[in-house]
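# Observations on chain architecture
These are the residues of each chain, in order.
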Amino acid sequence: KRIVLSLEETQALFDAEWENDSARLVCVLACYTGMRQGEIAGLRLRDIGDDRIYIRHSWSKYEGLKSTKTEEEREMPIPPLLRDMLLAQAEMNPHGEGDNGFVFFGLLPSQPTDPKNWLKFMRRALKLSGYENPDEVTFHAFRHEWCTNTLSEVGDKRVCMIGSGHKTD
């Protein structure tokens, strides 16, 4: 069953106290852009533009940095505040890799942080927000929420598919 949080539930989630600011930022990014978990993990400093994110690759713990699921790059406009938050996160990267450094860096320079941590912190914040069963919500729920809201607001399936990178209905 696909869980899609309501706007009220999403607002309560982000209003809740988070144990990890980086995980909160990841979830904000997923909610705002509909990016896949691997696309966020693979995000590097050079992928942050002035007013958009360039979604060029994905991260897999088994394959490392690779192309996106559809093997096509796409762009996602972002507001200045989100851009600034991502740049501040990237500046904390201690590995000194410059533009090639991961925004959500891990313990090793060659790897981002483990995305499983994001889900753990998201579910803890969901519980604090009063959500009844946080374990039923996956990280992918943000992608479903983005697609649902975009389609509802724009009304054009093609626009939603371009933004999300979907190739089929």
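Details of the structure are given in the entry above.
### Looking at the pairing of strand S4 (residues 74-77)
By the alternation rule, side chains of S4 split into Arg74 and Met76, which are all buried, and Glu75 and Pro77, of which none is buried. Across 4 bridges, strand S1 (residues 52-55) lies against S4 in antiparallel orientation. The residue bridging isoleucine 53 from the neighbouring strand is methionine 76, located in S4.

### Regarding the nonpolar core
Judged by nonpolar contacts, the single largest core of 40 residues is most densely connected at Leu86 and Phe104. Breaking this core down by element, the ones donating at least two residues are helix H1 (7-15), helix H2 (21-33), helix H3 (37-41), S1, helix H4 (80-91), helix H5 (116-128) and helix H6 (141-154). Here this core takes 7 residues from H2, the largest share from any one element. Beyond its immediate stretch of four places on either side in the chain, phenylalanine 104 contacts Ser22, Leu25, Val26, Leu29, Ile40, Leu43, Leu86, Gln89, Pro112, Thr113 and Trp118.

### Some remarks on unusual backbone geometry
Trans is the common state for peptide bonds, and a negative phi is the common state for residues other than glycine. In the Ramachandran plot, glutamate 71 falls in the positive-phi region, its phi being about 65 degrees despite a non-glycine side chain. A relative accessible area of 65% places glutamate 71 in the exposed class.

### A closer look at the pattern of salt bridges
When the charged atoms of two side chains with opposite charge come close together, those side chains can pair. Taken as a whole and judged by the stated rule, the model has 10 salt bridges. Notably, a salt bridge pairs glutamate 39 with arginine 36, separated by 2.9 Å at the nearest N-O pair. Among the salt bridges present, the one from lysine 116 reaches aspartate 114, with a minimum N-O distance of 3.9 Å. Classification of lysine 116 as exposed rests on a relative accessible area of 55%.

Parameters at a glance
Residues numbered from 1 in each chain as written. Predicted model: local features only at pLDDT ≥ 70, side-chain atom pairs only at ≥ 80, totals over all residues. Heavy atoms only, no water. Buried < 20%, exposed > 50% of the residue type's maximum accessible area, 1.4 Å probe, protein only. Helix = DSSP H or I, 4+ residues; strand = E, 2+ residues; numbered from the N terminus. Pairing = 2+ DSSP bridges. Core = buried A, V, L, I, M, F, W, Y, C linked by side-chain atoms within 4.5 Å. Contact = heavy atoms within 4.5 Å. Salt bridge = Lys/Arg side-chain N within 4 Å of Asp/Glu carboxyl O.

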